2 protein chains.
Amino acid sequence: MAEKFIPLSEQPLLESAHAAGLTTGRDRLAAMSPQCGFGELGTCCRICYMGPCRIDPFGNGPQTGICGASPDTIVARNLLRECVGGAASHVGHARHILLTMQAALDGKAPYKIHDPAKLFAVAGQFGIATDGRAVDDVARDLVAASLEDFGRQDGQPLNWLRARAPRKEFDMWMENGLMISNPHNEIETAMHRTSMGNDADPVSLLLAQLRMGLVDGYAGLTMATDLQDILFGTPQVTTLEANVGVLEANSVNLAVHGHNPLLSEKVLQWAGRLEGEAQAAGAERINVVGVCCTGNELTMRHGVPMAAHNLQSELILATGAVDGMVVDIQCIWPSTAMFASCYDTAFITTDEMVHIPGATHIEFEPAHADENAQAIVRAAIAAFQKRQGKPVNIPNVKSVGFAGLSVESIVGILSKVNAEDPLKPVIDNIVAGNIYGAVGFAGCPSLKFRDTAMTERMTKALLKENVLVVTTGCTAHICAQEGLLNSQATERYCGDKLKGVLTAVGEAAGLGAPLPPVWHMGSCVDNTRIVDLLAALAGKLDVKISQLPVAGSAPELVQEKAISIGTWLLALGLFVHIAPAPRILGGPLVTQVLTNDLEGITGGKAYVEYDPEKAAAGMIAHIAEKRAALGI
Amino acid sequence: MAEKFIPLSEQPLLESAHAAGLTTGRDRLAAMSPQCGFGELGTCCRICYMGPCRIDPFGNGPQTGICGASPDTIVARNLLRECVGGAASHVGHARHILLTMQAALDGKAPYKIHDPAKLFAVAGQFGIATDGRAVDDVARDLVAASLEDFGRQDGQPLNWLRARAPRKEFDMWMENGLMISNPHNEIETAMHRTSMGNDADPVSLLLAQLRMGLVDGYAGLTMATDLQDILFGTPQVTTLEANVGVLEANSVNLAVHGHNPLLSEKVLQWAGRLEGEAQAAGAERINVVGVCCTGNELTMRHGVPMAAHNLQSELILATGAVDGMVVDIQCIWPSTAMFASCYDTAFITTDEMVHIPGATHIEFEPAHADENAQAIVRAAIAAFQKRQGKPVNIPNVKSVGFAGLSVESIVGILSKVNAEDPLKPVIDNIVAGNIYGAVGFAGCPSLKFRDTAMTERMTKALLKENVLVVTTGCTAHICAQEGLLNSQATERYCGDKLKGVLTAVGEAAGLGAPLPPVWHMGSCVDNTRIVDLLAALAGKLDVKISQLPVAGSAPELVQEKAISIGTWLLALGLFVHIAPAPRILGGPLVTQVLTNDLEGITGGKAYVEYDPEKAAAGMIAHIAEKRAALGI
């Protein structure tokens, strides 16, 4: 075991927090350990009040629940409910964007379509006519097709699945009973199915799990990414700064935290417009910074600094320099409100569904987005005024890099190398072994793996073996902070072959520097982009995604959303590394299916390994297998 | 503590099961005890992978989760997810009936409308024109109004809520932010809301809980009850036999188990039609018997014997005399399949969503209901043939009573007393104190309370104090087995005043015997009927439901469905007794709100008491308060 790793930027903030009498997540995890083994193995069932039932993995005591549910049944039900929690989160996110787009088209919300090209491209996949039509008319048809999915009771496949799924995988899902229709029916049925006395067959439950992954993939992630691009623009390459050092002592620091760009886009807009008010209050400017995934959204589209990943959301407040933290949905630790109150940060919740004791609630309604955003910015300015004369503690730590690597911007770069066939250079280099393979990192930072710098070490181990890395979500923050998103990292960490490719492409594309070795592809909903890129590569090679020399990883699993995203990737046929283990190890059949048998159906395979270098080696072995099977 | 109570019918079956080497639920509970205190208190959180977090109720260790979630946040999130599990089950049930009615109207499923009067009554509440219209046209409009609820994204109130909720309560909900719209949006949002880093405010979570109760009440229970009555007929008073003694050694015993009458109605129909085949196979007849709630459905509409409640679903198989057990949805213990395999029972699962290892699966599709039902009946006949020559052990224990006390049949009886104003005699007797109050019992039998005969003793304690009891679900089985549903029970258990009323009404209605003191009002979805009766009484008195001298009880809580039903009752303003305690005691604020503060909003109040006589006394004290407040 390596010695405990605490990032440079975090050490002084931990000390500040402790000095202020606050406990941090690190402290709470330490005090909470060891954690419940039944819970970790998945064999604790609280689904009915005959329980809680717990199955002893060493064979002592009853080996089924009181109702007779086997450990595999218990594990599979719990896992499916986690998957529902994740999928429902993304479907809710997507539906919120959809309804706002509808309101905007009806003139009832101050948003408009910023990317007609993306709209037309997506609409085209739906079979919606685009030639010569007005942008808003096409958008209305796309909205209608999306609403049809939520309203349908005809059992027909989800429009979003039919339009956006890769062909070979779509066919494989249809053949294997993995068709999905109305995402809400699927969510209702999954909760029903897992309630006491319904599905007890682990295999049937795992099929439902895979379908729930598709619900997340198409009625959640893909819908959210596409509609956000249409509304706010598809990201183009931009530079970024990351880490807490992006805070400015003499500016109004306004942190946006959460996931939904409907809020953060408006806050950013009004921060610009109200800069005069900030200056009148004595500030140099308004410094909007991003935390967690809404941070990624703003970084991808506007180069806004990435101040903190999820785990640092409480620590950044210990700088005493954050004047406002405005949050929308998902991954908001309740502790942040307590930190905020200790440092006089204006801590603002905005979503009807998210209230936190101690927070100020300014309900953000798309219809009143402009007024709401102004109120939020002004609250931060007022907090800045109150902060004057108080000490701040901003660790002078930040990194630089590139963001904005959407599929469209990647193709844009590559088309400067080969305008006719932009993906050809990538495929040629994969075939030649210069790019040995590719791995996508997604998900959160976990306290359980920060001490060993799991994500950073896995990434470096892969780059060294000429494996290209793409990333989304909070793992993108980790990579950014570690300096993995810039051109210097190519020189520093990549094997010679990968270094050669990235340097050559960077030059050919006229960037004047190598491409970075880790590509920031967006927020966690933007795992869509990774899948779209894989689908494009597989399509060009006329193979299934499961045949590509690639893998995915949630190296520091925290959220139910990672379970549903990971399930989508398994349904797509990907090898998915996960740490810590999903709560399945108490169910031998479930473990066997997910880590082995599934490969014979979708091609997907779950892989658990806690040691970063071994995990990287496991992924490389998988890539080697796939290369061999392709004969390259 | 009284000595351990094991019903007469169960003792020999427990012995048979043990002799066969089987463990029963009782054995598993005993071996599983003591159960996890964190789970029981609600302060175990497994919502993200930083956990499992557990909060020590004695103040040792961290007093929040790793994310900072307070015990109240943890408790409220877990409780809301239980409520979603229950509501999704009932919404799924209702939606299944709805889609089958739609298919039937389109000529695509062999069902038809049996109760046009009920259809017209319900349609009238929706504002659907009925005068002079064809039955199917009215039904189509009702189907359309129901489908609109599932498809709506306009935020308007659920049609079913608007049409079917009592007026004063509807207004109170609107005023208190408890409006519900599309039930699927509510389910999605509740799962999203409770995922990590969203709602952390226990009050906000409890409001969502109340809304989820309304989702269950109107998009689940009420929709299911009404549509089932429309399709299969509104129950009328009928006699019943209950307990395992209804099995017949020389007949094909076919047990239907679950909740959905789409299956059981067809099985019953085909059992009649295929009796010749059974006789050809050597059987006297085909004896269809009911288990759990689909048993209640068949009893209410056809007087089918109630062979076993949920807890006895495995024991009844130990008779060796059950030839077929066909199950649909909900409350099917996986252990039943194992028992079935030990006794050569044809154990048949039928729902796409319910698979059980060891079962034969005959997927029951409404479009092929007739063929599916025939296959099921024939499987039981074949098992009967295999059973010949093997011993059976049918305890000769059964009770008789009345079922079929729908609101319509109650009004029918009362109209023989007062044709102009059927409810007047009830109200007059309540006012005069002859009926001191009324209590509704619902839910399951729990192993945790069978030893003390919780339901039976509570019921008797209430009857003695002239409190009328109504019941649904498996508590109706318990009451039936205890002989509480017949006229003799009125003589035996009721206080003089109640006895007088029930005798007088029974005579006036021409029954030739007293009304029973416990009214069987149906299956668990039929809690709708109890609420409709209360709404009618409150409407007549022009008071709120919360002002009535009544209470509800889930005396032996098992299912998530009881949580969502109970939540609906709390939203309606009822005093709701529950045992065991919901998993809230680890959250002081949640406990305070549900057991106290809520009374100031909806009038509802949760009440936990494990001792049957004390629980009855608590309910009587509540009734006394309500009487005093009404000045009666």
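The shown structure was predicted, so the numbers you read here are calculated from the model rather than taken from an experiment.

Trainee: Before we move on, could you go through the relation of the copies chain A and chain B and cite the residues and values that matter?
Mentor: For these two chains of identical sequence, chain A goes onto chain B by a turn of 180 degrees and a shift of 0.0 Å along the axis, with RMSD 0.0 Å. What the superposition gives is, in effect, a two-fold axis relating one chain to the other. Every residue of chain A has its C-alpha some distance from the rotation axis, and the shortest such distance is that of G151(A), at 1.9 Å. The fraction of interface residues of chain A whose copies in chain B are also interface residues reaches 100%, indicating that both copies meet through the same surface.

Trainee: Help me get a handle on the domain arrangement of chain A, residues and values and all.
Mentor: Residue and element names in this part refer to chain A. The domain boundaries assigned to chain A delineate domain 1 (71-232), domain 2 (244-387) and domain 3 (408-630). The interface is formed by 39 residues belonging to domain 1 together with 36 residues belonging to domain 3. Across the interface of domain 1 and domain 3, roughly 3,000 Å² is buried in total on both sides, 68% from carbon and sulfur atoms. At the junction of domain 1 with domain 3, the criterion picks out five salt bridges.

Trainee: For the nonpolar core, give the residues involved together with the corresponding values.
Mentor: If you look at the biggest cluster of nonpolar residues, it comprises 344 residues, and the most contacted ones within it are W173(A), Y218(A), W173(B) and Y218(B). Each residue touching Y218(A), except ones within four places of it in the same chain, is listed here: L158(A), W160(A), L161(A), R164(A), A165(A), P166(A), W173(A), M223(A), W568(A) and L572(A).

Trainee: Describe the sheet that holds strand β16 (residues 605-608) of chain A, and please don't skip the residues or the numbers.
Mentor: Strand pairing in a sheet takes place through backbone hydrogen bonds and is either antiparallel or parallel in direction. Residue and element names in this part refer to chain A. If you walk across this open sheet you meet the six strands as β13-β12-β11-β14-β15-β16, and the pairing is parallel. The outermost strands of the open sheet, each flanked by one partner alone, are β13 (518-522) and β16. Between one strand axis and the next, the sheet turns through 25 degrees on average, direction left out of account. By the bridge criterion, three bridges tie strand β14 (residues 550-554) to strand β15 (residues 575-578) in an arrangement that is parallel. Within β15, the residue paired with A554 across the bridge is I578. Against the sheet, helix α26 (residues 612-630) touches β11 (437-441), β12 (467-472), β14, β15 and β16, its axis set at about 155 degrees to β14.

Trainee: Just give me the short version of helix α19 (residues 454-464) of chain A, but keep the residues and values in it.
Mentor: All names here are of chain A. Buried residues dominate α19, accounting for eight of its 11 residues. Of all the residues in α19, the buried ones are M454, T455, E456, M458, T459, A461, L462 and L463. At the exit of α19 stands N466, carrying a positive phi of roughly 65 degrees.

Thresholds, definitions, all that
Residues numbered from 1 in each chain as written. Chains lettered and ligands numbered in written order. Predicted model: local features only at pLDDT ≥ 70, side-chain atom pairs only at ≥ 80, totals over all residues. Heavy atoms only, no water. Least-squares fit on C-alpha atoms with pLDDT ≥ 70 in both. Contact = heavy atoms within 4.5 Å. Domains from an automatic or database assignment. Buried area = accessible area lost by both parts, 1.4 Å probe. Salt bridge = Lys/Arg side-chain N within 4 Å of Asp/Glu carboxyl O. Core = buried A, V, L, I, M, F, W, Y, C linked by side-chain atoms within 4.5 Å. Buried < 20%, exposed > 50% of the residue type's maximum accessible area, 1.4 Å probe, protein only. Pairing = 2+ DSSP bridges. Helix = DSSP H or I, 4+ residues; strand = E, 2+ residues; numbered from the N terminus. Axes fitted to C-alpha atoms, helices over the stretch in contact; angles between N-to-C directions.

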